[in-house]
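Coordinate inspection notes
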Amino acid sequence: MDLTYFNIDNGYAEGILRGYRLNFLKDEDYAKIKTLTSLEELWTFLQTEKGYPEMEGTEVTIQAIRNQMKLKLAGELGTLRPLIF
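Parameters and conventions
Chains are numbered independently. Their residues run from 1 in the order of the written sequence. Confidence filtering applies because this is a predicted model: local features only for residues at pLDDT of at least 70, side-chain atom pairs given and counted only at 80 or more, and all residues used for totals across whole chains, interfaces and linings. Values shown for side chains rest on all heavy atoms present in the structure; no hydrogens or waters enter the calculation. Only protein atoms enter the 1 Å grid used here, on which a cavity is any set of points holding a 1.4 Å probe that cannot leave and a pocket is any open set flanked by protein within 12 Å on both sides along at least five of seven lines; residues with an atom within 4 Å of a point are listed as lining. Grid points are joined across faces, edges and corners, and a volume is the space filled by probe spheres set on the points. Helix numbers and strand numbers start at the N terminus; a helix is a DSSP run of H or I with at least 4 residues, a strand a run of E with at least 2. As a working rule, the residues Ala, Val, Leu, Ile, Met, Phe, Trp, Tyr, Cys and Pro are called nonpolar, Asp, Glu, Lys and Arg charged, and the rest polar, with Gly in that last group. Under this definition, polar contacts are N or O atom pairs within 3.5 Å; protein pairs additionally need one hydrogen-donor-capable and one acceptor-capable atom, and for neighbouring residues in sequence, both atoms have to be side-chain atoms. Each patch groups residues whose relative accessible area exceeds 30% and which form no salt bridge, using 9 Å between like charges and 5 Å between nonpolar side chains of Val, Leu, Ile, Met, Phe, Trp and Tyr. Computed with the Shrake-Rupley method and a 1.4 Å probe, the accessible areas treat only the protein chains shown as cover for residues. Salt bridges are counted wherever a side-chain nitrogen of Lys or Arg sits within 4 Å of a carboxyl oxygen of Asp or Glu. The buried label applies to any residue whose accessible area, calculated with a 1.4 Å probe on protein chains only, is under 20% of its type's maximum; exposed applies above 50%, and partly exposed to all values in between.

1. Considering the layout of surface pockets
Any empty space left between atoms is shown by rolling a water-sized probe over those atoms. Counted as a void, the largest pocket has a volume near 320 Å³. Looking at the largest pocket, it is lined by 15 residues, and the ones nearest its centre are Tyr20, Asn23, Phe24, Tyr52 and Glu76. Mapped onto the lining of the largest pocket, the elements with two or more residues apiece are helix H1 (11–22), helix H3 (39–50) and helix H4 (62–84). Element by element, the count of residues in the lining of the largest pocket is highest for H4, at six residues. Of the residues in the lining of the largest pocket, the class split is 10 nonpolar, one polar and four charged.

Spelled out as structure tokens, the structure:
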């Protein structure tokens, strides 16, 4: 089989998805999260370990964290959308 054209149509999108998969929470991440005692510590963990942006001028609340997670997911899906269709 000639591998020159293997996955030529969807290889880039597959690579992007594999990168996103590496950012999923793993068992070690859950173990770290269980030891955290405040929302600030949780947000610091998400920023340093999972690449979430800073929330400048916003109090760290459950709703603020949820909104940041939705924005990150929307951005990631927005990157994939043109590649899929």
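2. Some details on the side chain of Lys72
Secondary-structure assignment places Lys72 in helix H4. Within polar-contact distance, the side chain of Lys72 engages the backbone oxygen of Lys50 at 2.7 Å.

3. Observations concerning a nonpolar patch on the surface
On the surface, a nonpolar cluster with roughly 330 Å² of combined accessible area is contributed by Tyr12, Leu83 and Ile84. Within the element layout of this structure, Tyr12 appears in helix H1. Looking at Tyr12, the relative accessible area reads 57%, which means it is exposed.

4. Side note on the side chain of Asp29
Tracing the backbone through its elements, the reader meets Asp29 in helix H2 (residues 27–35). Engagement of the side chain of Asp29 in a polar contact is seen with the side chain of Lys50, the distance being 2.9 Å.

Treat this as a map of the structure, not an account of what it does.
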